[in-house]
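Report on the structure
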Amino acid sequence: MTSKPQDPFFKPIGDRVEETDKLPEDAAESGETTVDEEAPVQTIESLCMRCGEENSGADSWTESEQGSLYTAKILNRGDLNRQVVKSSYATIIIPEFELTIPAKRGQLTTVEGLVRDVIGDLSADQPLRRIQDEPTYEKIKALLKKLHDSLGDDEEGEPVTHGPDGEPLPDDAPLRKSFTVKVDDPAGNSWVEFLGSMADPKWSLKTYDRSREQDVVLGLVGLEDAEETEKVRAIGEEEAKKIEAGESVDEDGDENGEVYIFPGTCSSCHAPCDTKMKKVVIPYFKDILIMSTNCDRCGYRDNEIKSGSAISEQGKRITLKVEDTEDLARDILKSENCGLEIPEIQLVLQPGTLGGRFTTLEGLLTQVYDELSEKAFARGDAAEAKEERTTFEEFLGKLKQVMKAEIPFTVILDDPLANSYLQNIYAPDPDPNMTVELYDRTWDQNEELGLNDMKVEGYEEDAEEEKEA
């Protein structure tokens, strides 16, 4: 019995390949594939039958509402094989080498392929630079050396695939220079492969709202609409000038409406920079002061939270049992003197870590993850001990599960000054998943906070006695 030939109009998705003569030169192929759970990606490959030149590209057919920022830590040879889908609007950033690849044609490649392309592009004009601009030639030569080292190439810049014993190098073989790859795509159509699952401790994804300029570049907003937005922004700047002149902004009689501005300098680039301060009243808690600094020159941002009330006589310990993603949306105020603990993953943050923060529980956990992963994977060759690195990667994997509430966990806030707050979504009724405990501070805690030497009554008499003495 012979089977019927397959209908050419109903090919499997992975086999949908079309030949066309509209692409450059004599031959090209166009197909559709799907990378894991991402949107369909159109890949284009071209081959010139005259000179043998090969080219490839990739582009997405979908429109995303937000931009995306993928970050991957490249520590071993297996990480070099991570697939990368780069749209024509995506920018590649490698911070360790101070390297930024501007947006150009889309690609479907790997991390190693990206770096190889950079090496090829920079090496092409090196002989000419050596004659015309020797300082630039030397700088690019040093950068090429770093890029070759990051790929494990030999002194001649050739790939090394086997060890001294002749055996192929394993995927877990560490690289001489670890680095970070960031794919920033305002169109949200790029992708970097994770290993195993999205809990990969060396992989992270952040989404963000596009700026008006990015919408114009993507063609989502016309220039006329952008100009209208600038007019609205100008009105907002006029209100800001009133604030700088000392005039308070009336927000329907809200006592939180007044913003104070203090001139200063940026701690990063030392350019003139303003710090804004505003009082906020948190329901069922107390007044707090939020101070924010934003440098227009280098983009440095910082914020700090201070209590606007008197020092509490007792400390406070808040315990929350997190069971689902709704708990991650709770507002949290962590003062600079507050410690945080998650017993299930053995996470303990000492007082002073991260400073004061007013955000959501998810936002705080995300910041903890970013700080730990960035510092842990940037320790260099001294931290190449495989066992130590594996243990920390397992910890970051558990922290990612906690960030998404994939496992139940407990958050404990311990603030000796009782200046921290965790939102009670049942207020004014008690929260069944949260307990609040007041306790007396120890002498050591008061000593550390400088309260033992603080005298608020009868100090006038002491001052007079000192004068008489």
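See above for the structure.
Residues numbered from 1 in each chain as written. Predicted model: local features only at pLDDT ≥ 70, side-chain atom pairs only at ≥ 80, totals over all residues. Heavy atoms only, no water.

**Some remarks on the overall build of the protein chain**
Counting its secondary structure elements, the protein chain contains nine helices and 24 strands. Burial analysis of the protein chain (469 residues in total) assigns 35% to the buried set. In the protein chain, once contacts between residues fewer than 6 apart in sequence are set aside, the share between residues at least 24 apart is 61%. Carbon together with sulfur atoms contributes 49% to the accessible area of the protein chain, which is approximately 29,000 Å² in total. (Helix = DSSP H or I, 4+ residues; strand = E, 2+ residues; numbered from the N terminus. Buried < 20%, exposed > 50% of the residue type's maximum accessible area, 1.4 Å probe, protein only. Contact = heavy atoms within 4.5 Å. Areas by Shrake-Rupley, 256 points an atom, 1.4 Å probe, with all protein chains shown as cover.)

**What about the packing of aromatic side chains?**
Inspection of the entire model under this criterion finds three aromatic pairs. Where Phe194 meets Trp203, the ring centres are 5.2 Å apart and the plane angle is 70°; that geometry is what we call edge-to-face. Pair check on accessibility: Phe194 and Trp203 agree, each one buried. Counting every residue linked through ring pairs, the aromatic cluster contains Tyr70, Phe194 and Trp203. (Phe/Tyr/Trp six-rings, centres within 6.5 Å; stacked < 30°, edge-to-face > 60°.)

**Quick word on the sheet that holds strand β16 (residues 301–307)**
Each strand in a sheet pairs with its neighbour through backbone hydrogen bonds, running either in the same direction (parallel) or in the opposite one (antiparallel). Read from one edge of the open sheet, four strands run β13-β14-β15-β16, paired in antiparallel fashion. Two strands lie at the open edges of the sheet, namely β13 (259–265) and β16, each paired on one side alone. In this sheet, adjacent strand axes meet at a mean angle of 20° when their direction is disregarded. (Pairing = 2+ DSSP bridges. Axes fitted to C-alpha atoms, helices over the stretch in contact; angles between N-to-C directions.)

**Overview of the side chain of Asn433**
For Asn433, the location among the structural elements is in the loop between β23 (421–422) and β24 (434–439). Discounting chain neighbours no more than four positions away, the residues touching Asn433 are Thr319, Leu320, Lys321 and Glu323.

**Describing the sheet that holds strand β12 (residues 203–208)**
In space, the five strands of this open sheet follow the order β8-β7-β10-β5-β12, with antiparallel pairing throughout. In this open sheet, the two edge strands, each paired with only one partner strand, are β8 (99–101) and β12. Each neighbouring strand pair of the sheet contributes to a mean axis angle of 15°, computed without reference to strand direction. Summarising the sheet, strand β7 (residues 91–94) and strand β10 (residues 174–185) pair through three bridges and their orientation is antiparallel. Bridge pairing in β10 places Ile93 opposite Lys182. Strand contacts of helix α1 (residues 111–124): β5 (67–76), β7, β8 and β10, with the helix running at about 90° to β10, the strand carrying the most contacts. On the sheet, helix α3 (residues 134–151) packs against β8 and β10 and is oriented at approximately 105° with respect to β10.

**Focus on the state of the cysteines**
Scanning the entire structure with this criterion turns up zero disulfides. Just so you know, Cys273 is unpaired, no disulfide at all, and the nearest cysteine sulfur is the one on Cys295, 4.9 Å from it. Looking at Cys273, the relative accessible area reads 6%, which means it is buried. (Disulfide = S-S within 2.5 Å.)

**What to know about unusual backbone geometry**
As a rule of thumb, non-glycine residues mostly have phi less than zero, and peptide bonds are mostly trans rather than cis. Here Ala427 and Pro428 are connected by a cis peptide whose omega angle stands at 5°. Assignment of secondary structure puts Pro428 in the loop between β23 and β24. The phi dihedral of Glu98 is positive, around 50°, even though this residue is not glycine. Turning to its location among the elements, Glu98 is positioned in the loop between β7 and β8. Of note, the phi angle at Gln346 is positive, near 60°, even though the residue is not glycine. Within the secondary structure layout, Gln346 lies in the loop between β19 (339–342) and β20 (347–349).

**A look at the environment of Gly363**
Examined against the element boundaries, Gly363 turns out to sit in helix α6 (residues 361–376). Among the residues examined, Gly363 registers a relative accessible area of 26% and is labelled partly exposed.

**Examining the environment of Tyr439**
Structurally, Tyr439 is set in strand β24. With relative accessibility at 12%, the residue Tyr439 sits in the buried group. The spacing of Tyr439 and Ala418 is 21 residues in sequence and 9.7 Å in space, taken between C-alpha atoms. Non-local contacts of Tyr439, meaning those with residues more than four positions away in its chain, are made with Gln314, Gly315, Lys316, Arg317, Asp414, Asp415, Pro416 and Gln445. Reaching out from Tyr439, the side chain makes a polar contact with the side chain of Asp414 at a distance of 2.4 Å. (Polar contact = N/O pair within 3.5 Å; in protein donor to acceptor, adjacent residues only side chain to side chain.)

**Points about the pattern of salt bridges**
Evaluated as defined, the whole model comprises 14 salt bridges. Asp79 is the salt-bridge partner of Arg82, the closest N and O atoms lying 3.3 Å from each other. The partner of Arg176 in a salt bridge is Asp149, and the shortest N-O contact between them spans 3.2 Å. Here the residue Arg176 occupies a position in strand β10, and Asp149 occupies one in helix α3, the gap between them amounting to 27 residues. Salt bridges linked by common partners bring Asp79, Arg82, Asp200 and Lys202 together as one network. (Salt bridge = Lys/Arg side-chain N within 4 Å of Asp/Glu carboxyl O.)

**Overview of the side chain of Thr180**
On the secondary structure map, Thr180 appears in strand β10. Of the polar contacts made by the side chain of Thr180, one reaches the side chain of Glu96; its length is 2.8 Å. Excluding residues that lie within four positions of it along the chain, Thr180 makes contacts with Thr71, Ala72, Lys73, Ile93, Ile94, Pro95 and Glu96.

**As for the nonpolar core**
With 31 residues, the main nonpolar core has Ile74, Leu99, Leu147, Phe179 and Val183 as its most contacted residues. For this core, the secondary structure elements donating two or more residues are β5, β6 (83–86), β7, β8, α1, α3, β10 and β11 (191–192). Tyr369, Val402, Ala405 and Met434 belong to the second largest nonpolar core, which has 28 residues in total. (Core = buried A, V, L, I, M, F, W, Y, C linked by side-chain atoms within 4.5 Å.)

**Details of the packing of α1 against α3**
Look at α1 against α3: their axes get within 10 Å of each other, and the N-to-C directions meet at 155°. Accordingly, the angle class assigned to the pair α1 and α3 is roughly antiparallel. The hand of the α1/α3 crossing is left-handed. From α1, Glu112, Val115, Arg116, Val118, Ile119, Leu122 and Ser123 reach across to α3, where they touch Ile140, Leu143, Leu144, Leu147, His148, Ser150 and Leu151. When grouped by side-chain class, the residues that make up the contact of α1 with α3 number nine nonpolar, three polar and two charged. (Parallel < 35°, antiparallel > 145°, perpendicular 65-115°, else oblique. Left-handed = near helix turned anticlockwise from the far one by under 90°. Nonpolar A, V, L, I, M, F, W, Y, C, P; charged D, E, K, R; others polar.)

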